Amino acid sequence: MELKAQPGMAGTGVLQRIGGRLGYATDQQHIPGLLHGAILRSRYAHARLLRVDTTRARSMPGVRAVVTAQDVPGVNRFGIVVRDQPVLCENRVRYEGDAIAAVAADSPEQARAALEVIDVDYAPLPVVADADTAEQMSPLHGESNLVARDTFTRGDSEAAFARCAVIVEHHYQTPRQMHAFMETEGGVAIPDNNGGVVFRVGCQSGHRDAEQLADILGLKSTQVTVEATPTGGAFGGKDEMTIQPVAGILALQTGLPVLVHLDRFESCRAGIKRHPVSVVMTTGCDSQGRILAHRVDALLDTGAYASLGPAVLENFLDHATAPLYRIEAYSVSGRLVYTNNGVSGAFRGFGGNQATFAVESQLDALAEKLTMCPLEFRRINLRTADEPGSRGQPVRWTAPPTDVLAAAAASPLWVPAGAAARRRWLTGTGMAMGAQGNGLGDGLPDSGGGRVSLTAEGRILLEFGFADYGQNLAEAITCLVCEGLGCTASDIDVVLGDSRGPDSGPTSASRSSVLVHGVLANTLPRWKDLVRGQAASLTNLPPEELDCGPGGLFHNSRQILSYQELAEKGQLAPMVVDASQAFPVAPDQDQPVGRYLQLQIATVARVAVDRLTGRVRVTDLHHITAAGRVIYPPGYLGQIEGAAIMGLGMTLTEDMPTREGRYLADNLDQYMIPTIHDAPDQRVDVLDNTPKTDSFPVRGIGELGIEAVAPAICSAIEAATSIRVQRLPVDPGYLLSALCAQEKKRS
Amino acid sequence: MTRNTQPEPCTPETATFELNGDVISHWVSPATTLLDILRDAGRIISARAGCRIGRCGACTVLLNGQAVPGCLVMAWQLSDCRVETVEGLTEDPDFIRVKEALATESALQCGYCTPGIAVSLVSGLRQHRCGEAVDLEEAVAGNLCRCTGYGGLKRAVDALKETSSET
Amino acid sequence: MSAPISELNFVSARRAVRVLRPDSPSQAVSLARQCRASYTAGGTWLQPAYERDQCWPENLVALNASWPGFWGLEDGSNGLTVGAMTSLAEMARHPLVRDYLPPLAKFLNLVAGPGVRALGTVGGNLIVGGDLSALAMALDVRVDVVGHAGVRTLPLSQWLRERTSEDLLRGFTIPDCRGWRMSLEKLGYRERFSPTRATLACVHDGYRLRLAVCGEGGLLRLAATEAFLNGWAALAPDDFGAVLDCELVDHGWQDTHVRMALRRMTTGLLSEVALGT
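If you're wondering where the values come from, they're calculated on a predicted model, not measured in any experiment. (Residues numbered from 1 in each chain as written. Chains lettered and ligands numbered in written order. Predicted model: local features only at pLDDT ≥ 70, side-chain atom pairs only at ≥ 80, totals over all residues.)

Visitor: Looking at this structure, how should I read the overall build of chain A?
Guide: The helix and strand tally for chain A stands at 17 helices and 28 strands. Taking 747 residues into account, the globule formula puts the C-alpha radius of gyration at 27 Å, and chain A, at 27 Å, falls close to it. Buried residues in chain A amount to 62% of all 747 residues. In chain A, of all internal contacts separated by at least 6 residues, the share reaching a separation of at least 24 is 81%. (Helix = DSSP H or I, 4+ residues; strand = E, 2+ residues; numbered from the N terminus. Rg over C-alpha atoms; globule rule 2.2 N^0.38 Å. Buried ≥ 20, exposed ≤ 12 C-beta atoms within 10 Å, placed from the backbone. Contact = placed C-beta atoms within 7 Å.)

Pasting the structure below:
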């Protein structure tokens, strides 16, 4: 069923955003007394810090504070998984974006001018520039540059390989992609009158950041507040803390609010990136096309600090076990290493889409060797909805994978494009499938809460700790509340991302919608009862005859009390319901493995390859999604479309290569993200068989759209040219050489 | 090549120009960007520094009716100029149409790039009304968006084209 | 253009940049000499470079579009004269451009985004070896340059070889090319505005073919390839490939794939200007 665009929900700030009336984290430049902070970053990818002399900087005009490592009041380390990254480096710098010192001054120019006169002596150290050889080089941390390694096995893969009729082995590489959110990292730290600090910064997890900041600033957790602040995009790039620690230290030192805003050059240099992956996959099947054996050996470059690398590795390996397909035996291994190549961390897809690119390409390779239709090959191997997942764990799909495949096979994109296009442009259609699990997985603590209450003004207030970075979460919450209570959107206020409110956990891992749905399913009926009870005592009507509706409480289809009246005349304190729940995991699992709630996508891509230059244009994308109920259609459509174009960028034009630890691109004129003309027309279909009574009818679809785009595009390129690309982004020169070679052979 | 890292600021001069209908005067050094003047003295937040090199469109404003990147216009160029941002276009009929199309088609998610897009579209509609052949999709070719994948924006552009051809 | 890098003084902040506003082109040239200043027109190429390096010239000399000859299009007996300060957007819209340079308006959409086209000038684009310089070379454009000794007119190719630091480009004249067949193609990184890998211009003036390229390997009139094609027009166009490749390699075009693409793009453009069909 095609998801057609529907009118967007008015309110929730859409009109303000268009009209420039909504301030984002970095639009706060008019706070009275505001100082501007700037950060001095390492000139070397790897060096010992011998001396940092800030004497001259302190006497520069407008400078109010200059801080280095010794000015960090508490712990000089942060990091979500491993706290290995210094706020300000002490005696060693490990990548070119490493922070060494910071200045707060009256103006940004004065702050930058002060940075120029901070004297730093470095003793350069050998750069760990290649993930391949990192483990043989001197460790950047601890004993070794191996951060993590893991292997998942099933059965005896070697024995299974021996029985294969066909085996394919390829080396795949995916790029170091940059988030390129339009609002770069930044925000304000404001000291309060009690020695604490309030943060209004673009981020993804206010509660978690507040805890780390308390440790860094040497404060009690109650003294640190992260306030909800509209953020211009995140996609995982603001999951770790960015400028908060430095801004907080400067704010405490000066007693004044401090704004730190990285410009795009600095964001490119210092911000985290997607893990580049180098993986060899060996996959074999029998003569009927059943996959018997699968071996994966992957290397992920996490750069100078671990960040969420270990979790990305786990998710990569999870996806590398080919969740959608039945494989008799596998051995899936990966290593995560430190290098001096920037820092890699969370990025939409989180290792999964890199693995899916390789897995889906392997399936196509096997199908090709067997001269079998790639769709048929998949059909033979797809798991049914009743089978356990690829790691033997219970899983919950919302539609049978073969149905998704069938819908992809029926896509109009398979009909070849007109003959006229063929002279210069070679066209082809291809497809791939992908799956994703929601939640942090593997038994990690994963829970979240929310709150419903009535304000003094009669507004129904929903509070969740998730951050709002443009993912239409507020609209989805509004839809669910309207459905659950029978009120309208104009009765509701949604507050997201305040650390003083409920802790919902991080806004990542596509977990928000699921938790929101679960928490609301729990809280709304209880809240309704409380409200009806109060309304009953105010109106002397039996509570069971009252119901919530648009604008207020209703009796026999007539409104008898507005929400404002209820707030004025009733008691507000009891009309608050908090609930928290654990992210759904499979029942009866002592040691949860993988993720329980699963979703799928099939992407069909049509491309045109320029015979003359090797450049690729994607002309159409058709996605079939099986991701539960659609709560807010424009939001669902937007998430799939947006993620897909991010995947398209990763496939065709985006990379942040390094040479000796130095990034080779430093702004958006060198790092190419898709423009409107690079984006194809997209169609999104929804396949959902979930019964209404299902306990988990909803899935988080924030990342799903990126999952299968890369292999679908490469499959289409192969259909157009007979050339398979294993390295992303697709190099037009590579395609061109191969095309020329083909032409030579033919003539 | 020598680079003076502690130069004397150049003597500021008055940059006087019309901003959203009001004349503003500001003391700035002549190479200061229009973007910085707008965000500082102009109290504008809709024009934003997405890249500072004119390659992302987040700072797009109207300069004498044309959509330009504010980060590439310098103070010395502003005398007798007319600058418009979305803050000042609330009553503008072209902006009202654009706003409605963008909202209805959910052409934004985080919305950070949206004012710049709206300005580009207003410029396109104005040119169209003056009889110029304008491709509205081309008008926003220089506005980067990272959230939406441009789906909603393409639908908004189609909606604007339809209503344009009716007028 | 402006003083060679080694002669300019630089500063590390925008607020220190002095912008000199001369009343006339000759005053501009004097100031450029005296103050070792850089000219500025649209600033759409230079400002990104300054921002990137956090490094601005201490002095900028502001050019003025109202100086006679510096702006606008005019056709006359010599052909079409274009003022250097005409913006790329104005070029795209101008009716004379439709007559003289039919593929240009559409091509300009690939050169820069619409906002940059509104500010950036054709002169600026030529001076930095931008996408327009290939076409200008192929058309044997003549430039009007204001120097300390006054105005002189000379072929673009000669000026680019000989220019001094204070030379100020006033405008250029394209010969009467109405009716000539011309085709342009840019190889970039994505569908719209991106750095140029290579831009190719192919022009047939009724008598002979003209070819020029600009981009990663620099600006080059492909004289040897032209000679080959013009002298041996009877041969299939594909045979010129080796000649073209040699010429590109000799002039510093190192990337094999870009050269491969250029060979094929040339074949494509040649057939468009009717050597083939």
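Visitor: How should I be thinking about the overall build of chain B in this particular structure?
Guide: Scanning chain B from terminus to terminus reveals 5 helices and 6 strands. Helices and strands appear in chain B in the N-to-C order β-β-β-α-β-β-β-α-α-α-α. Over its C-alpha trace chain B gives a radius of gyration of 17 Å, about what one expects of a compact globule, namely 15 Å for 167 residues. Dimensions of chain B along its principal axes, counting C-alpha atoms only, are 55 × 30 × 25 Å. Split into buried and exposed, the 167 residues of chain B put 61% on the buried side.

Visitor: Whenever I open this one, the domain arrangement of chain A confuses me. Can you help?
Guide: Its domain assignment divides chain A into domain 1 (14–125 + 179–270), domain 2 (127–177 + 273–382), domain 3 (396–433 + 595–747) and domain 4 (447–582). Between domain 2 of chain A and domain 4 of chain A, the C-alpha centre-to-centre distance is 44 Å. (Domains from an automatic or database assignment.)

Visitor: For this particular structure, what's the right way to read the pairing of strand S12 (residues 198–204) of chain C?
Guide: The side chains of a regular strand alternate between both faces of the sheet. All names here are of chain C. With respect to burial, S12 is a largely interior element, 7 of its 7 residues being buried. Burial along S12 is two-sided: the residues Ala 198, Leu 200, Cys 202 and His 204 and Thr 199, Ala 201 and Val 203 are all buried. Across 7 bridges, strand S11 (residues 181–187) lies against S12 in antiparallel orientation. If you follow Leu 184 over to S12, its bridge partner there is Ala 201. Here S12 pairs with strand S13 (residues 209–215) via 7 bridges, running antiparallel. Across the sheet, the residue bridging to Val 203 is Arg 210, located in S13. The loop that links S12 with its antiparallel partner S13 comprises 4 residues; one of these, Gly 206, has a positive phi angle of about 100 degrees. (Pairing = 2+ DSSP bridges.)

Visitor: Help me understand helix H2 (residues 93–104) of chain B in this model?
Guide: Note on helix geometry: an α-helix contains 3.6 residues per turn, so any two residues three or four positions apart are oriented the same way. All names here are of chain B. When the terminal C-alpha atoms of H2 are compared, their 17 Å separation across 12 residues agrees well with the 16 Å that a helix rising 1.5 Å per residue should span. Every buried residue of H2 is listed here: Phe 95, Val 98, Lys 99, Ala 101, Leu 102 and Ala 103. Positioned one or two residues after H2, Ser 106 has a phi angle of 50 degrees, which is positive. (Expected span 1.5 Å × (residues − 1).)

Visitor: Explanation requested: the interface of chain B and chain A in the structure shown.
Guide: It is common to give the size of an interface as the accessible area that goes away when the parts come together. Each partner contributes residues to the interface: chain B has 47 residues there, and chain A has 47 residues. Elements represented by at least two residues in the side of chain B that touches chain A include exactly H2, helix H3 (114–129) and helix H5 (151–166) of chain B. A total of 5 residues in the side of chain B that touches chain A trace back to one element, the largest contributor, which is H5(B). Of the residues in the side of chain B that touches chain A, the class split is 21 nonpolar, 15 polar and 11 charged. (Nonpolar A, V, L, I, M, F, W, Y, C, P; charged D, E, K, R; others polar.)

Visitor: Could you clarify how one ought to interpret the sheet that holds strand S7 (residues 146–154) of chain A in this entry?
Guide: Residues and elements named next belong to chain A. If you walk across this open sheet you meet the 5 strands as S7-S15-S14-S13-S8, and the pairing is mixed. The sheet is open, and its two borders are formed by S7 and strand S8 (166–174), each paired with just one other strand. When the angles between neighbouring strand axes are averaged without regard to direction, this sheet yields 5 degrees. Alignment of strand S13 (residues 277–285) against strand S14 (residues 291–303), held across 9 bridges, turns out to be antiparallel. Note on S14: the bridge partner recorded for Val 277 is Leu 300. (Axes fitted to C-alpha atoms, helices over the stretch in contact; angles between N-to-C directions.)

Visitor: How should I be thinking about the domain arrangement of chain B in this particular structure?
Guide: Residue and element names in this part refer to chain B. According to the domain assignment, chain B consists of domain 1 (13–85) and domain 2 (89–166). Centre-to-centre separation of domain 1 and domain 2, based on C-alpha positions: 21 Å. On the side of domain 2, 13 residues touch domain 1, which itself brings 13 residues to the contact. Elements that contribute at least two residues to the side of domain 1 that touches domain 2 include exactly strand S4 (60–63) and strand S5 (66–69). Here the side of domain 1 that touches domain 2 gets 3 residues from one element, more than from any other, and that element is S4. When the residues that make up the side of domain 1 that touches domain 2 are grouped by side-chain class, the tally is 6 nonpolar, 5 polar and 2 charged.

Visitor: Looking at this structure, how should I read the interface of chain C and chain A?
Guide: Opposite the 18 residues of chain C that make contact, chain A presents 22 residues. Of all the secondary-structure elements, those providing two or more residues to the side of chain C that touches chain A are helix H2 (46–53) and helix H12 (256–272) of chain C. Take the side of chain C that touches chain A: its biggest share by element is 6 residues, from H12(C). Here the residues of the side of chain C that touches chain A sort into 8 nonpolar, 4 polar and 6 charged.

Visitor: Sorry, what's going on with helix H10 (residues 374–381) of chain A here?
Guide: Residues and elements named next belong to chain A. Along H10, the positions that sit buried rather than exposed are Pro 374, Phe 377 and Arg 378. All buried residues of H10 lie within an arc of 95 degrees about the axis, which places them on one face of the element. For H10, the secondary structure elements touched by its buried residues are helix H9 (352–369), helix H11 (401–409), strand S16 (425–437) and helix H16 (709–721). (Arc of directions from axis to C-beta.)

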